[in-house]
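Topology and contacts: notes
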Amino acid sequence: MDFFLQQLTNGLAVGSIYALIALGYTMVYGVLKLINFAHGDLFAIGAYLGLTLLTAFGLTRFLGPLGVVIVLALMVMGLVAVVGAVLERVAYRPLRQAHRLSAVVSAMGASIFFQNALMLIYGARYKVYPHDILPKNVVSLLGVEVPLVRLLVLLTSVLMMVALYLFIQKTRIGTAIRAAAIDQRAAKLMGINVDRVIMIVFLIGPALGGAAGLMVGLYYGQINFTMGWMYGLKAFTAAILGGIGNIPGAMVGGLLLGVIEAMGAAYLSIAWKDAITFIVLIAILIVRPTGLLGERVAEKV
Amino acid sequence: MLQVENIHVSYGRVEALHGVSLDVRQGEIVTILGANGAGKSTTLNAICGIFKTTEGAIRFEKEDIHTLAAHAIVARGVAQVPEGRRVFGTLTVRENLNLGAYTCNDKARVADNRQRVYTLFPRLAERVDQLAGTLSGGEQQMLAIGRALMGNPKILLLDEPSLGLAPLLVKAIFETIREINRSGLTVVLVEQNARAALKLAHRGYVMEVGRIVLEDTADRLLADPEVQKAYLGGAR
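Rules of the game
- Residues numbered from 1 in each chain as written.
- Chains lettered and ligands numbered in written order.
- Predicted model: local features only at pLDDT ≥ 70, side-chain atom pairs only at ≥ 80, totals over all residues.
- UniProt positions renumbered as here; feature names shortened; annotations may be inferred.
- Helix = DSSP H or I, 4+ residues; strand = E, 2+ residues; numbered from the N terminus.
- Rg over C-alpha atoms; globule rule 2.2 N^0.38 Å.
- Buried ≥ 20, exposed ≤ 12 C-beta atoms within 10 Å, placed from the backbone.
- Contact = placed C-beta atoms within 7 Å.
- Axes fitted to C-alpha atoms, helices over the stretch in contact; angles between N-to-C directions.
- Parallel < 35°, antiparallel > 145°, perpendicular 65-115°, else oblique.
- Left-handed = near helix turned anticlockwise from the far one by under 90°.
- Nonpolar A, V, L, I, M, F, W, Y, C, P; charged D, E, K, R; others polar.
- pLDDT = per-residue confidence, 0-100.
- Pairing = 2+ DSSP bridges.
- Right-handed = clockwise from strand over helix to strand, strands pointing away.

Within an unreviewed UniProt entry, the label attached to chain B reads ABC transporter ATP-binding protein, and the organism entered is Desulfatitalea alkaliphila. Chain B has a UniProt comment under Sequence similarities (unreviewed entry) that states "Belongs to the ABC transporter superfamily."

By the naming in an unreviewed UniProt entry, chain A goes by Branched-chain amino acid ABC transporter permease and is assigned to Desulfatitalea alkaliphila. UniProt, in its Subcellular location (unreviewed entry) section for chain A, records the words "Cell membrane". If you open the UniProt record of chain A and go to Sequence similarities (unreviewed entry), you find "Belongs to the binding-protein-dependent transport system permease family. LivHM subfamily."

Right, dumping it as structure tokens:
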């Protein structure tokens, strides 16, 4: 039971990170029907920017651990959001009217560009986050000792997801984003500036991805310039699992994938950890290509 | 109020409109008739800025609008009820109506418009929390019209509002259009159902392969032997 709960909390924490990244994939797919293959690299940029900002400003001298993390998160999210918006403007908008495959190739190109830029700036070796920022406390949960950091990761991700969900469901702009995802032309006829909606999506998605990158840095302590690839693929799998284009789907898919992966690693073999993810991807594509929450209502013509 | 002057619109290399001119005056119902592919919908979408003109000009209340983006044209008071209704199926009726008022920041005005739409279509009031995709075809058409009215437009462009509806519903929809027009809204109506459209409209245009070929008052078009032969199923 102890072992199981450890794996469960670990899976949920990792899964909540997948979910944050998956939201970026699914929102962009929702409005543009494009898989933003550079999204994983935006996540990696978030991890590196977090490291730079942390060491550059010596934040730990002025603020307590909680303050450091909050200030850091806001800065990283803001900066990665800007990178995302520039990416949309430079790599995707000029191809809006072109064949869909052109934009996919452009996304791949952007991914290679970001990865190599990170390598040139930071070097190819692993980078290590200072390990004295976060408290090492453990908390007792149902009689099991769980690292506090793990719970904080889970809590922060869930809070961000709830905030996003409320934003999308309750606000005027959120409704406009959903409308543009359903029918761009009809959205334009409502007076919605669809270009601006797409820009907003490319601010929010990367901001969440950047936050996820920072969390991975803080949680695992080491980062690498290729990390965006594997996390990106896993988050992409999570988005497909939940139903691509569906925002609650990405959240559920991410958490579920994290738990499946943790359980597989614990009870089968740790060597199979990544393979399990892709078995899930293949299985869902065969059995239910629309994902768990995909396509709720058939439209009447 | 609305002047379309010699506009040309192309899909890729194929030109769909070869110089279309229209004139719509305040308070009128103007209908555009024509066979499939004549360019009626293209004309409406050019007015709304969905398709860009390659030549010619569109003026609304003396302002050039063909250079504006679609959302900016809507903000000036041009609303379209698109062909096939295009309601947002996975959003609720309420959300669809709210989106219709997207350009309107005045909350009291929006509430007024909502009340007006509910009076016009009581069915929508009963189904505010239902997903639009689960409505019947007729209800979806009501929603599409109601949604367009939410933004307080000065001119309403309707593209085939009778498409796929039962005759009784068509009659009701046309009656509603007359009512909306009487309340002061200018209407442009594109229709396959030429007889009903001409009975409702003040004036009409007939389009053939991307051009206007005929323009007259609705009464005279109804009586025109050529129009009768081509669009009204022969003389009666």
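From this point, things continue past the structure.
1. Some details on the overall build of chain B
Counting its secondary structure elements, chain B contains ten helices and ten strands. Compactness check: chain B gives a C-alpha radius of gyration of 17 Å against a globular reference of 18 Å for 236 residues, within 12% of the reference. Its C-alpha atoms give chain B principal-axis dimensions of roughly 45 × 45 × 30 Å. By residue count, 46% of the 236 residues in chain B fall in the buried class. Counting only contacts in chain B whose residues sit at least 6 apart along the sequence, the fraction spanning at least 24 positions is 67%.

2. What to know about the overall build of chain A
Regarding its fold elements, chain A presents eleven helices and four strands. Taken against the 2.2 N^0.38 rule, which gives 19 Å for 301 residues, the C-alpha radius of gyration of chain A at 19 Å falls within 12% of a compact globule. For chain A, the residues scored as buried account for 49% of the 301 residues in total. Taking all contacts inside chain A whose residues are at least 6 apart in sequence as the whole, residues at least 24 apart take part in 77%.

3. Remarks on the packing of helix H1 (residues 2–32) of chain A against helix H8 (residues 194–220) of chain A
All names here are of chain A. Look at H1 against H8: their axes get within 8 Å of each other, and the N-to-C directions meet at 165°. One way to sum up the angle between H1 and H8 is to call them roughly antiparallel. The element H1 and its partner H8 pack so that their crossing is left-handed. Of the residues that constitute the contact of H1 with H8, the class distribution is 19 nonpolar, three polar and no charged.

4. Comments concerning the interface of chain A and chain B
Residue-level contacts link 19 residues of chain A with 25 residues of chain B. At the level of secondary structure, the elements contributing two or more residues to the side of chain A that touches chain B comprise helix H6 (172–182) and helix H7 (184–189) of chain A. Among the residues making up the side of chain A that touches chain B, the classes are represented as nine nonpolar, three polar and seven charged.

5. Section: unusual backbone geometry
Located in the positive-phi region is Lys33(A), a residue other than glycine, with phi close to 55°. You can see Lys33(A) is positioned in the loop between H1 and helix H2 (39–57). Taking the C-beta count within 10 Å as the criterion, Lys33(A) has 13 such neighbours and is therefore assigned partly exposed. Here the phi dihedral of Val209(B) falls at roughly 30°; this positive angle occurs in a residue that is not glycine. For Val209(B), the location among the structural elements is in the loop between strand S9 (203–208) and strand S10 (211–217).

6. Description of the UniProt feature "transmembrane region" (unreviewed entry) in chain A
Per the UniProt entry, the sites bearing "transmembrane region" (unreviewed entry) are residues 12–35, 42–60, 66–87, 99–122, 148–168 and 197–220 of chain A in this numbering. Taken end to end, residues 66–87 of chain A comprises 100% helix and 0% strand; its first and last C-alpha atoms sit 31 Å apart.

7. Quick look at the confidence of the model for chain B
Mean pLDDT for chain B: 92, with 99% of residues reaching 70 or above. In the model output, the complex is listed with pTM 0.90 alongside ipTM 0.92.

8. Regarding the pairing of strand S8 (residues 186–190) of chain B
Residue and element names in this part refer to chain B. In terms of burial, S8 is a largely internal element, five of the five residues being buried. Relative to S8, strand S3 (residues 29–34) runs parallel, the two sharing four bridges. Among the inter-strand pairings, Ile 32 is bridged to a residue of S8, identified as Val 190. Note that strand S7 (residues 155–159) and S8 share five bridges and pair parallel. What sits directly across from Ile 155, in S8, is Thr 186. Taken together, S7, helix H7 (residues 167–182) and S8 form a β-α-β motif whose crossover is right-handed.

9. What to know about the sheet that holds strand S1 (residues 2–11) of chain B
Residues and elements named next belong to chain B. Taken in spatial order, the four strands line up as S2-S1-S4-S5 in an open sheet, and their pairing is antiparallel. The open sheet terminates on both sides in strands that have one partner only, identified here as strand S2 (14–24) and strand S5 (63–64). Pairing analysis gives five bridges linking S1 to strand S4 (residues 55–60), with the strands arranged antiparallel. Paired with Glu 5 across the bridge in S4 is Ala 57. Contacts between helix H1 (residues 40–47) and the sheet are confined to S1, S2 and S4, with S2 contributing the most and set at about 70° to the helix.

10. Let's talk about the sheet that holds strand S6 (residues 78–81) of chain B
All names here are of chain B. Across the sheet, six strands lie side by side as S6-S7-S8-S3-S9-S10; this open sheet has mixed pairing. The two strands at the open ends of the sheet, each matched to only one other strand, are S6 and S10. Averaged over all neighbouring strand pairs, the angle between strand axes comes to 15°, with direction disregarded. Of the strand pairs in this sheet, S6 and S7 are connected by four bridges, and their pairing is parallel.

11. Quick look at the pairing of S3(B)
Two faces make up the sheet, and in a regular strand the side chains alternate between them. Residues and elements named next belong to chain B. In terms of burial, S3 is largely enclosed, as six of its six residues are buried. Every second residue of S3 is oriented toward a common face, with Ile 29, Thr 31 and Leu 33 on one face and Val 30, Ile 32 and Gly 34 on the other, all of them buried. Here S3 runs beside S9; their pairing, made up of five bridges, is parallel. Pairing of Val 30 across the sheet is with Arg 203, part of S9.

12. Here's the deal with the environment of Gly210(B)
Residue and element names in this part refer to chain B. Note on placement: Gly 210 falls in the loop between S9 and S10. Here Gly 210 falls in the buried class, since 20 other C-beta atoms lie within 10 Å of it. A C-alpha to C-alpha distance of 33 Å links Gly 210 and Tyr 102, two positions 108 residues apart in sequence. For Gly 210, the contacting residues outside a window of four places in its chain are Glu 15, Ala 16, Leu 17, His 18 and Gly 39.

13. Brief notes about the environment of Ile260(A)
Considering the arrangement of structural elements, one finds Ile260(A) in helix H10 (residues 247–267). When near neighbours in sequence (up to four residues on either side) are disregarded, Ile260(A) contacts Ile276(A) and Val280(A).

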